Amino acid sequence: LGVKVIDPNTHDMELRDLVNTVHQQARQAGIDKMPEVGIYDSPDVNAFATGPTRNRSLVAVSTGLLRTMDKEGDRGVLAHEVSHIANGDMVTMTLLQGVVNAFVMFFARIIAFAIQNALRGDRDRNSMGSHFMNGIIIFVIEMILMLPGMMLIGWFSRRREFRADAGGATLATRGSMVTALQQLQSITSR
């Protein structure tokens, strides 16, 4: 996305305020090493947290968010992202997606093997057409099994977002979080 990390000692007061807000909220959340803070050029109203651990993380904010929301809304959004870092959500979602994918691939192969054995018995087990058919069966079963997997991931993601909102209300203020959510709702309903 072309995120430019902001030097905490920048002379740009608006950017310094952004960094100070994230660092203050991170200290409040018990994060030992302050997250890097970055900005990227995009008209989208967006912010995200990323990084492998609580102590190696980045909060990035779009220029669209800074232009569109007021300081109170910005504080709520930043607190939400810092809460994701404090909860370890970035790694948790990656691990959950990996585990779901592994189960889907494993069970798809077992089911495909059972289906092929039931349909043809012992004949033509090693033919080229058999391998092609096996690939198609595995693909279809993976698509079917991924539906409940996506529901599980979606459920966890919603739970994670609500938890980050609650954490954001604690790190900023409840009013900042309400303001952020109201401003985001008004932006998305345009």
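Check the entry above for the structure.
Residues numbered from 1 in each chain as written. Predicted model: local features only at pLDDT ≥ 70, side-chain atom pairs only at ≥ 80, totals over all residues. Heavy atoms only, no water.

Caption draft 1: Examining a nonpolar patch on the surface more closely. A contiguous nonpolar surface patch, about 740 Å² in accessible area, is contributed by Val99, Phe103, Phe106, Phe107, Ile110, Ile111, Ile115 and Leu119. In this structure, Leu119 sits in helix α4 (residues 89-120). The class of Leu119 is exposed, set by a relative accessible area of 65%. (Patch = residues over 30% accessible without salt bridge, like charges linked within 9 Å, V, L, I, M, F, W, Y side chains within 5 Å. Areas by Shrake-Rupley, 256 points an atom, 1.4 Å probe, with all protein chains shown as cover. Salt bridge = Lys/Arg side-chain N within 4 Å of Asp/Glu carboxyl O. Helix = DSSP H or I, 4+ residues; strand = E, 2+ residues; numbered from the N terminus. Buried < 20%, exposed > 50% of the residue type's maximum accessible area, 1.4 Å probe, protein only.)

Caption draft 2: Here's a closer look at the pairing of strand β4 (residues 56-62). Counted residue by residue, β4 has six buried out of seven residues, so it is predominantly covered. Sheet topology places strand β2 (residues 36-40) next to β4; five bridges connect them, and they run parallel. Residue pairing in the sheet places Glu36 in a bridge with Leu58 of β4. Sheet topology note: the strand β3 (residues 47-53)/β4 ladder contains five bridges and is antiparallel. When the sheet's bridge partners are listed, Ala49 is paired in β4 with Val59. Joining the antiparallel neighbours β3 and β4 is a turn of two residues. (Pairing = 2+ DSSP bridges.)

Caption draft 3: Spatial organisation of the packing of aromatic side chains. What the rule picks out here adds up to three aromatic pairs. Centroid distance Phe103 to Phe107: 5.9 Å. Interplanar angle 15 degrees. Geometry classified as stacked. Here Phe107 and Phe103 lie together in helix α4, a separation of four residues that amounts to about one turn. Its relative accessible area of 37% is what places Phe107 among the partly exposed residues. Aromatic pair Phe106 and Phe107: ring centres 5.2 Å apart, planes at 75 degrees, arrangement edge-to-face. Here the aromatic residues Phe103, Phe106 and Phe107 are joined through ring pairs into a cluster of three or more. (Phe/Tyr/Trp six-rings, centres within 6.5 Å; stacked < 30°, edge-to-face > 60°.)

Caption draft 4: Quick look at the nonpolar core. Core analysis: the biggest nonpolar cluster contains 27 residues, and Ile6, Leu18, Val59, Val61, Leu65 and Val82 have the highest contact counts within it. Every element with two or more residues in this core is listed here: α1 (13-28), β2, β3, β4, α2 (63-68), α3 (71-87) and α6 (174-188). Here the element with the most residues in this core is α3; it accounts for six residues. Every residue in contact with Val82, bar those within four places of it in the chain, is listed here: Val22, Gln25, Ala26, Ala29, Ile31, Val59 and Leu171. If you look at the next biggest cluster of nonpolar residues, it comprises seven residues, including Leu96, Val100, Val104 and Ile153. (Core = buried A, V, L, I, M, F, W, Y, C linked by side-chain atoms within 4.5 Å. Contact = heavy atoms within 4.5 Å.)

Caption draft 5: Fine view of the layout of surface pockets. There is about 270 Å³ of room inside the largest pocket. Looking at the largest pocket, it is lined by 16 residues, and the ones nearest its centre are His80, Glu81, Glu161, Leu181 and Leu184. Secondary structure elements with two or more residues in the lining of the largest pocket: α3, α5 (128-171) and α6. Taken together, the residues that form the lining of the largest pocket break down as nine nonpolar, three polar and four charged. (1 Å grid on protein atoms, 1.4 Å probe; cavity = no way out; pocket = protein on both sides within 12 Å on 5 of 7 lines; lining within 4 Å. Points joined across faces, edges and corners; volume = space filled by probe spheres on them. Nonpolar A, V, L, I, M, F, W, Y, C, P; charged D, E, K, R; others polar.)

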